[in-house]
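# Descriptive structure summary
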Amino acid sequence: MSRIQQRFEKLKDENRAAFVSFVMGGDPNPTASLKLLKSLPAAGVDVIEIGMPFTDPMADGPAIQLAGQRALSSGQTMAKTLKLVTDFRKDDAETPIVLMGYYNPIFSYGVDAFLKAANDAGVDGLIVVDLPPEEDAELCIPAREAGLDFIRLATPTTDDKRLEKVLTNTSGFVYYVSVNGITGVKSAEADEIDSAVARIKAKTDLPVVVGFGVKTPEQAAAIAIKADGVVVGSAIVDMIAGKLDKKGGAKVGLVKSVSTFAKSLADAVHTARGA
Amino acid sequence: MTVQEPNSFRVGPDEEGRFGQFGGRFVAETLMPLILDLEKAYAEAKVDKSFQREMENLWRYYVGRPSPLYFASRLTEKLGGAKIYLKRDELNHTGAHKINNVLGQILLARRMGKTRIIAETGAGQHGVATATVCAKFGLKCVVFMGETDVERQKPNVFRMKLLGAEIIPVTSGRGTLKDAMNEALRDWVTNVEDTFYCIGTVAGPHPYPAMVRDFQSIIGWETKSQMKHAEGRLPDTLCACIGGGSNAMGLFHPFLDDAEVKIIGVEAGGKGVDTNEHAASLTGGRPGVLHGNRTYLLQDDDGQILDAHSISAGLDYPGIGPEHSWLKEAGRVEYASVTDTEALEAFQLCCEMEGIIPALEPAHALAHVMKIAPDLPNDHLLVLNMCGRGDKDIFTVAEALGTKI
Ligand SMILES: Cc1ncc(COP(=O)(O)O)c(C=O)c1O
């Protein structure tokens, strides 16, 4: 059983939703980024998404765009992002790791070489924003064959007919993008989210995780009642941005502030269904 | 590498929007239903006679088509070889070929019931064309333009404002055309109900590369019949500049299966293709995925997209339409590049010899013609796509020549 599946089954037994956090690999620099990642499981993060920075993140809002730029200017590369996972895995064999980003850096690395390196590093799943089901032959199918989960996004524009297509080769979990738009800007209403989650759950047994625009423990808790997991990205990344000195270096206390914030979100998600 | 010669170079893309390995639909899920809708609407419009008629009517009475095919006698004499014809799309309303495509897309947007039009622009020519047609039809128009370009293309920014468009300066990334396109895509995923994205070149996800090419192909069809009328036969060589590649595809496409016609696309070599400052993605790039399609891109070893450079803001794009990438690998079209300096010389020569102030973009094509024409025989018919006029560029040229205006 994959780490992702194991984690969701365990959470299901405990009747609580997963808290999924997103951070950009290499933001604000490789050392601080590793430290930050290592602090997340203890803060209650159930699944970690690590962004693979890209110069042209067309589905991301300003917070994640800037995080990517910080990572790139501190010298982040695909090889370094994979190394980050390897280093994280040295003392955490359980927390699932999902790499998230855009296709070109993977295509440039070479699909087969990338899948092998990702497996070796201990990556569990991939989310590649610009690979819809129409392009499954590119990476989705090879990734599944290599034993990695390929997690797909479903959105408010995905109607019922299309949903089947979206679900066909999806594994691990389904990521429901709760708003039409880019990361970190608008937020959806909890009841709209609930009905969308129900619509997806009627068609799949995979866990349904909700993200985009979730910023506060209250919002996260409201979603966690019905959904199998909640993703917070931009709000965490913004927290990092607020803890940088003028030269872009990490201020003392960066890891502490971010993990404290992550903990408040995790607690809210974990207690949402009323223990 | 040997590439199997297809029976026809004019049948692409396939159902997946591919030209060989290039093209495709690399977009976020939110946009996928929208581009499928667009594909369907375009397929219906294409075979609808009333759509064709409406477009032809506007091309004639609003744009001023057909544009003349003009024999440039003094340029011909000066270069001393091939007979040079200029396809004068710079005479179109708004001063470039861009409006051919914009009219098609806006008519389609109206058919689809969309009320808000967004566009990206670099030099501002596509933005001006979009703002113009939106004004004509009373549609809301929002144009994304890199902050750097807003600064260097002030007259076009003001033109768009006069036409009622809202200009959004883009500060993300490095504030040029590629960033404007990212921002337009971000707007589109946010406003999926009422918004139509009017892309300015043969790039983006399928069906854009094919659709924009079809709308621009009027350039090539007219050229074919005009040349027949003037010389009784097909031209021997076609030459056009390439930013994203729409004016070039428009001229080339009707001739792709005429094997005897030599076809040359000219990329912007900036300060030289052996420097970091150029925009020649076919000459200096490699295949990658950006803005919804696979194509040749300027990128670093890690797949990060590099900034392009060209004296011409309209050529300043790190990618190229996917059909060009395919035509290059298939060997049907030859791609060359010229530098900023060579383009500037061609710009001046055109002014002095023909009384035509060209845009800096087609000045690139002319610079290449200046290299090849002298060695060609006097009965060799060469067509250069004069796809834009240079009014927008006089400030840039003055600065490059060290003149104060
Ligand atoms: C006059 C002119 N020519 C050419 C271009 C480049 O675009 P394309 O290669 O799509 O024709 C532009 C773009 O702004 C332009 O204004």
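Above this note sits the structure.
These notes cover the structure that comes with them. If you're wondering where the values come from, they're calculated on a predicted model, not measured in any experiment. (Residues numbered from 1 in each chain as written. Chains lettered and ligands numbered in written order. Predicted model: local features only at pLDDT ≥ 70, side-chain atom pairs only at ≥ 80, totals over all residues. Heavy atoms only, no water.)

The next point concerns unusual backbone geometry. Here A:Asp27 and A:Pro28 are connected by a cis peptide whose omega angle stands at 0°. B:Pro13 follows B:Gly12 through a cis peptide bond whose omega is 0°. Relative to the assigned elements, B:Pro13 resides in the segment before strand E1 (18-19). A positive phi angle is found at A:Asn15, which is not glycine, with a value near 55°. By relative accessible area, A:Asn15 is classed as partly exposed at 45%. The phi angle at A:Phe212 is positive, at roughly 85°, despite the residue not being glycine. Positionally, A:Phe212 belongs in the loop between strand E8 (208-211) and helix H10 (217-224). For A:Phe212, a relative accessible area of 9% puts it in the buried group. (Helix = DSSP H or I, 4+ residues; strand = E, 2+ residues; numbered from the N terminus. Buried < 20%, exposed > 50% of the residue type's maximum accessible area, 1.4 Å probe, protein only.)

Residues and elements named next belong to chain B. Around the ligand sit 19 residues, and of these Thr 201, Gly 243, Gly 245, Ser 246 and Asn 247 come closest. Between the ligand and the protein, one listed contact pairs an oxygen atom with a side-chain N or O atom of His 97 at 2.9 Å. At 2.7 Å from an oxygen atom of the ligand is found a main-chain nitrogen or oxygen belonging to Gly 245. When the ligand is considered free in solution it has 390 Å² of accessible area, and contact with the protein chains removes 96% of it. Among the secondary structure elements, those contributing two or more residues to the shell around the ligand are strand E9 (237-242) and helix H11 (246-252). (Near = heavy atom within 4 Å. Polar contact = N/O pair within 3.5 Å; in protein donor to acceptor, adjacent residues only side chain to side chain. Areas by Shrake-Rupley, 256 points an atom, 1.4 Å probe, with all protein chains shown as cover.)

Facing 38 residues of chain B, the contacting portion of chain A comprises 37 residues. Taken together, the two surfaces of chain B and chain A that pack against each other cover about 2,900 Å², and 50% of this comes from carbon and sulfur. Where chain B touches chain A, the interface holds five salt bridges. On inspection of chain B and its partner chain A, the count reaches 22 residue pairs in polar contact (both at pLDDT 80 or more). If you list the elements that add at least two residues to the side of chain B that touches chain A, you get strand E2 (22-26), helix H1 (32-46), helix H8 (177-190), strand E11 (286-290) and strand E12 (292-297) of chain B. With eight residues, H8(B) is the largest single contributor of residues to the side of chain B that touches chain A. Per-class residue counts for the side of chain B that touches chain A are 15 nonpolar, 10 polar and 13 charged. (Contact = heavy atoms within 4.5 Å. Buried area = accessible area lost by both parts, 1.4 Å probe. Salt bridge = Lys/Arg side-chain N within 4 Å of Asp/Glu carboxyl O. Nonpolar A, V, L, I, M, F, W, Y, C, P; charged D, E, K, R; others polar.)

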